[in-house]
Structures are given as structure tokens and as C-alpha cells.
Amino acid sequence: MTISYNKLWKLLIDKKMSSSDLRKEVGIAPNTMTRLRKDEEVSLAVLNRICSALNVDIGDVMEFLPDNSTQK
């Protein structure tokens, strides 16, 4: 399974908020923002802080996608 944070980026656009604004409000380290941009794993604690700041559920900021290389 592959992680996608596309929902997070769309949500930020809808809320007229930049990723820099989110990083500052939530207190996310720059390297964690890079991991989010690259659709890499981040801790549940970080995802929880993002969800709390945006007042959304975790399914509103991320999703798991099937990994094409593992399909038979």
C-alpha cells in the first residue's frame, strides 16, 4: 500500500492556507513537511496535530492506495 496526502493539499487549498502556514500552526519540522510532500510515512502524532488544527478526521488528510507493483 502507498500513502497519499493529496487530500491534505486539496484541503489546504480549500481553506486558503499554505503548507508553510500549516507547518507553523502545527509545529511541524521542515523535514516532516518534506516527508508529507513526498508521500512518505509520518507519525500518528503529527497526523493527529494536523487533524486537530484543521478540525478534520484522518481520512480527510490521507489515504492508502494500492501499490501497483504488488498486484498480481
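A. Quick peek at the overall build of the protein chain. Secondary structure summary: the protein chain contains four helices and two strands in total. When its helices and strands are written in sequence order, the protein chain yields β-α-α-α-α-β. Radius of gyration (C-alpha) of the protein chain: 13 Å, near the 11 Å computed for a compact globule of 72 residues. Judged by the C-alpha coordinates and their principal axes, the protein chain covers about 45 × 25 × 20 Å.

B. Highlighting the environment of aspartate 39. Tracing the chain through its elements places aspartate 39 in the loop between helix H3 (30–37) and helix H4 (44–54). Distance in space between the C-alpha atoms of aspartate 39 and tryptophan 9 is 11 Å, their sequence separation being 30 residues. What aspartate 39 contacts, discounting residues up to four positions off in sequence, is Ile3, Ser4 and Tyr5.

C. Focus on the packing of helix H2 (residues 19–26) against H4. Between H2 and H4, the shortest axis-to-axis distance is 10 Å and the interhelical angle comes to 105 degrees. When the interaxial angle is binned, H2 and H4 end up roughly perpendicular. Residues Leu22, Glu25 and Val26 of H2 form the contact with H4, whose own contacting residues are Arg49, Ile50, Ala53 and Leu54. Per-class residue counts for the contact of H2 with H4 are five nonpolar, no polar and two charged.

D. Spatial organisation of the pattern of salt bridges. This structure, assessed with the given rule, holds one salt bridge. Linking glutamate 40 and arginine 35 is a salt bridge whose minimum nitrogen-to-oxygen distance equals 3.3 Å.

E. Structural view of the environment of proline 30. As for its placement among the helices and strands, proline 30 is situated in helix H3. Residue classification places proline 30 among the exposed residues on the basis of a relative accessible area of 51%.

F. Examining unusual backbone geometry more closely. At aspartate 39, a residue that is not glycine, the phi angle is positive and equals roughly 55 degrees. The phi dihedral of asparagine 55 falls on the positive side, at around 60 degrees, and the residue is not glycine. Tracing the chain through its elements places asparagine 55 in the loop between H4 and strand E2 (63–65). Residue classification places asparagine 55 among the exposed residues on the basis of a relative accessible area of 71%.

Rules and cut-offs
- Residues numbered from 1 in each chain as written.
- Predicted model: local features only at pLDDT ≥ 70, side-chain atom pairs only at ≥ 80, totals over all residues.
- Heavy atoms only, no water.
- Helix = DSSP H or I, 4+ residues; strand = E, 2+ residues; numbered from the N terminus.
- Rg over C-alpha atoms; globule rule 2.2 N^0.38 Å.
- Contact = heavy atoms within 4.5 Å.
- Axes fitted to C-alpha atoms, helices over the stretch in contact; angles between N-to-C directions.
- Parallel < 35°, antiparallel > 145°, perpendicular 65-115°, else oblique.
- Nonpolar A, V, L, I, M, F, W, Y, C, P; charged D, E, K, R; others polar.
- Salt bridge = Lys/Arg side-chain N within 4 Å of Asp/Glu carboxyl O.
- Buried < 20%, exposed > 50% of the residue type's maximum accessible area, 1.4 Å probe, protein only.

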